Amino acid sequence: MDIGKVIRDARKAKGWTLDELSHRVETDSGNLSRLERGKQFASKELLGRIMKVLGIELAKIQDAGMSNVQMALQPNRGPKEYPLVSWVIAGEWAESCDNFHPGDAETWLPSTENAGDNGFWLDVRGDSMTSSGNPNFPEGSRILVMPEADLISGKYYVIKLESGESTFKQYIEDAGNKYLRPLNSNYRTIQIEGPFRVIGRVVDTKMTGL
């Protein structure tokens, strides 16, 4: 089976551009383009990241003592519903949803992305993450937050600062320093100089009012 074609078909099924997929798997879009066209091979690590975000599964097939690896395109992961919560209780929900009950959230929204057992949606406040490019998180759009996510420079997080303020920004590490970067150029980048708490990483978004 043509691995490149499987990847291309799975990417298009999700409606993602090469740039969007390359951002999600942390590689160059040119590498992905060559991989899809069969002009380049991928490392085991990169292939694993691509399969994970696209929902592709490796099936190991044993045939007469011979071991082969075959790419198998699986059905898209069915949507799971996550609660839409307020910024006030987001941190507590992230720590343990056992403290809450389904009735505590009036709105539950589906996503095919895996945000873990304690995932939740938030409404974006303000226009600091509004951008003319991609990604773009205008005020009123919704973000799906996955708690207990590792910090990766360049990804988007909801973070609680030492001041007690919770904010949604792009997390950047540079020369040992840590920053929170807005996408709106009218806002300044914040250097994190004190303790902070990661509430979770943003893994999906929904536009509202369209």
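Up top you'll find the structure we're talking about.
Read on for an overview of the structure.

The rules behind these values
- Residues numbered from 1 in each chain as written.
- Predicted model: local features only at pLDDT ≥ 70, side-chain atom pairs only at ≥ 80, totals over all residues.
- Heavy atoms only, no water.
- Buried < 20%, exposed > 50% of the residue type's maximum accessible area, 1.4 Å probe, protein only.
- Helix = DSSP H or I, 4+ residues; strand = E, 2+ residues; numbered from the N terminus.
- Arc of directions from axis to C-beta.
- Axes fitted to C-alpha atoms, helices over the stretch in contact; angles between N-to-C directions.
- Left-handed = near helix turned anticlockwise from the far one by under 90°.
- Contact = heavy atoms within 4.5 Å.
- Nonpolar A, V, L, I, M, F, W, Y, C, P; charged D, E, K, R; others polar.
- Core = buried A, V, L, I, M, F, W, Y, C linked by side-chain atoms within 4.5 Å.
- Salt bridge = Lys/Arg side-chain N within 4 Å of Asp/Glu carboxyl O.

### What about helix H1 (residues 3-13)?
- Looking at H1, one finds that the buried residues are Gly4, Val6, Ile7, Ala10 and Arg11. In an axial view of H1, the angular spread of the buried residues amounts to 160°, which keeps them on one side of the axis. Exposed side chains of H1 directed beyond 90 degrees from the buried face belong to Lys12 and Ala13.
- Glycine 15 occupies a position one or two residues after H1 and carries a positive phi of about 75°.

### So, helix H4 (residues 44-54)
- Buried within H4 we find Leu46, Leu47, Ile50, Met51 and Leu54. When H4 is viewed along its axis, its buried side chains cluster within an angular range of 135° and face the same direction. Seen from the open side of H4, the exposed residues pointing more than 90 degrees away from its buried face are Lys44, Glu45 and Lys52.
- Count one or two residues on from H4 and you reach glycine 55, which has phi positive near 75°.

### Description of the packing of H1 against H4
- Here H1 crosses H4 at 35°, and the two axes come no closer than 10 Å. Between H1 and H4 lies a crossing of left-handed hand. The segment H1 lies against H4, with Ile3, Ile7, Ala10 and Arg11 engaging Leu47, Ile50 and Leu54.
- Residue classes in the contact of H1 with H4 are distributed as six nonpolar, no polar and one charged.

### Overview of the nonpolar core
- Formed by 16 residues in total, the largest nonpolar core has its most connected members in Phe120, Leu122, Phe137, Ile143, Tyr156, Val158 and Phe168.
- Where this core is concerned, the elements lending two or more residues are strand E5 (120-123), strand E6 (142-146), strand E7 (156-161) and strand E11 (196-206).
- Setting aside residues no more than four positions away along its own chain, valine 158 makes contact with Trp87, Leu122, Ile143, Val145, Thr167, Phe168, Arg197, Val198, Ile199, Gly200 and Val202.
- Residues Ile7, Ala10, Ile50 and Ile56 belong to the second largest nonpolar core, which totals 14 residues.

### What about the environment of alanine 90?
- By the element assignment, alanine 90 lies in helix H5 (residues 90-95).
- Classification of alanine 90 by relative accessible area gives buried; the value is 1%.
- In sequence terms alanine 90 and glycine 119 are 29 residues apart; their C-alpha atoms lie 9.8 Å from each other.
- Setting aside chain neighbours within four positions, we find alanine 90 in contact with Val85, Phe120, Leu122 and Ile199.

### With respect to the pattern of salt bridges
- Tallying each qualifying case throughout the model produces five salt bridges.
- A salt bridge links arginine 11 to glutamate 36; its shortest N-O distance comes to 2.8 Å. Pair noted here: arginine 11 is in helix H1 and glutamate 36 is in helix H3 (residues 29-36), with a separation of 25 residues, a long-range link. Across this residue pair, the class does not change: arginine 11 and glutamate 36 are buried.
- Close ionic contact of aspartate 123 with arginine 142 constitutes a salt bridge, the shortest N to O distance being 2.7 Å. On the criterion of sequence distance, the pair formed by aspartate 123 in strand E5 and arginine 142 in strand E6 is long-range, its members being 19 residues apart.
- For aspartate 123, a relative accessible area of 29% puts it in the partly exposed group.
- For arginine 142, a relative accessible area of 22% corresponds to the partly exposed category.
- Overlapping salt bridges bring together Glu20, Arg24 and Glu113 as one network.

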